[in-house]
Amino acid sequence: MKVWLNGTLCSVETARIVPTDRGLMLGDGLFETILVQAGQPRRLVAHLARLHAGARVIGLALPPINFTAAFQALLDANSLSDGSLRLTITRGSGPRGILPPADPQPTILITAYPLAPHLASARCVLARCTRRNEYSPLAGVKSLNCLDNVLARREAAARGADDAILCNTAGLLAEATAANLFLVRGRQIMTPPLGDGALPGVMRAAMLDLGAVEMRLSAEDILDADEAFLTSSLGMRGVCQIEQRRLREQPSPMVNEMVQAAMASTE
């Protein structure tokens, strides 16, 4: 398997990142996960826009990289037609301490993965061990700091579930550990607003363009929901249960139609 590291294609075995890299030491960086279909990265404009927005939040000047060319070179090197790309950017190496160096030299790593198998509908719980901080500027950023999500997913596994729904500090629903959350009531498809701690997902944006609505949601709203599902840049996963509330096992035709239209959109 080949990776793209700082402008060079190399094998996984020979790729090297210095021990003082701030991504490793402090989680100081960003990432994007990009769907690849028929050899083409999907929604690239939206992903790069979110990457640049996140870089502005953390104060990281991105180097002038032709990401389209880098992605294509890596896909060709791995003979990959369908799968995903993971773009990871750190602030690079730095001295000991929290304050970033005055002139950082970012580390840029791109990895490629084959298409993952389709997952059955998820059983979810509401995370008890942590909350999503909707006040943090990082709530809207694809940060390398994912430990809250890791803790919540570990809790879900310990409780016999597939995923956890994170609530914010006010107890309102925010998102799952690696996906946006949608609830369906009647013909209304709802998702928590960004202000409640939801990440600005690219599939989420496509669903909103097609008629889904932002709405502040509480745990009580789960009791009135007919179905629920999760979206990420790689697609949709149904949710058959949240805590003790059983939901529709398979997505309804209305949801399937909207998701398929969102998946077919290019931006």
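Remember, it's a predicted structure, so these values are computed and weren't measured experimentally.

Some thoughts on the overall build of the chain
A count of helices and strands for the chain gives seven helices and 15 strands. For the chain, whose C-alpha radius of gyration is 19 Å, the value lies close to the compact-globule estimate of 18 Å for 267 residues. The 267 residues of the chain split such that 50% are buried. Counting contacts in the chain only where the partners sit at least 6 residues apart, residues at least 24 apart contribute 68% of the total. Carbon and sulfur atoms make up 57% of the accessible area of the chain, which totals about 13,000 Å².

Focus on the packing of aromatic side chains
Applying the stated rule across the entire model yields two aromatic pairs. Seen in terms of ring centroids, F182 and F229 are 4.9 Å apart; in terms of plane orientation they differ by 0°. Their pairing is stacked. Note that F182 is positioned in strand β10 (residues 180-185) and F229 in strand β13 (residues 227-232), a separation of 47 residues in sequence. F229 matches F182 in its accessibility class, with the two residues each being buried.

Conventions adopted
- Throughout, a residue's number is its position along its own chain's written sequence, starting from 1.
- Local features in this predicted model are restricted to residues of pLDDT 70 or higher, and side-chain atom pairs are both shown and tallied only at a pLDDT of 80 or more, whereas totals for entire chains, interfaces and linings draw on every residue.
- Just so you know, side-chain values use all the structure's heavy atoms and leave hydrogens and water out.
- Only DSSP runs of H or I covering at least 4 residues are called helices, and only runs of E covering at least 2 are called strands; the numbering of each starts at the N terminus.
- Note that the radius of gyration is over C-alpha atoms, with the globule rule given as 2.2 Å times the number of residues to the power 0.38.
- The buried label applies to any residue whose accessible area, calculated with a 1.4 Å probe on protein chains only, is under 20% of its type's maximum; exposed applies above 50%, and partly exposed to all values in between.
- The contact criterion used is simple: two residues touch if any of their non-hydrogen atoms lie within 4.5 Å.
- Reported accessibility uses the Shrake-Rupley method at a 1.4 Å probe radius. Residues are deemed covered only where the shown protein chains occlude them.
- Stacked, edge-to-face and tilted labels apply to pairs of Phe, Tyr and Trp rings (six-membered ring for Trp) whose centres lie within 6.5 Å, assigned for plane angles under 30 degrees, over 60, and everything in between, in that order.

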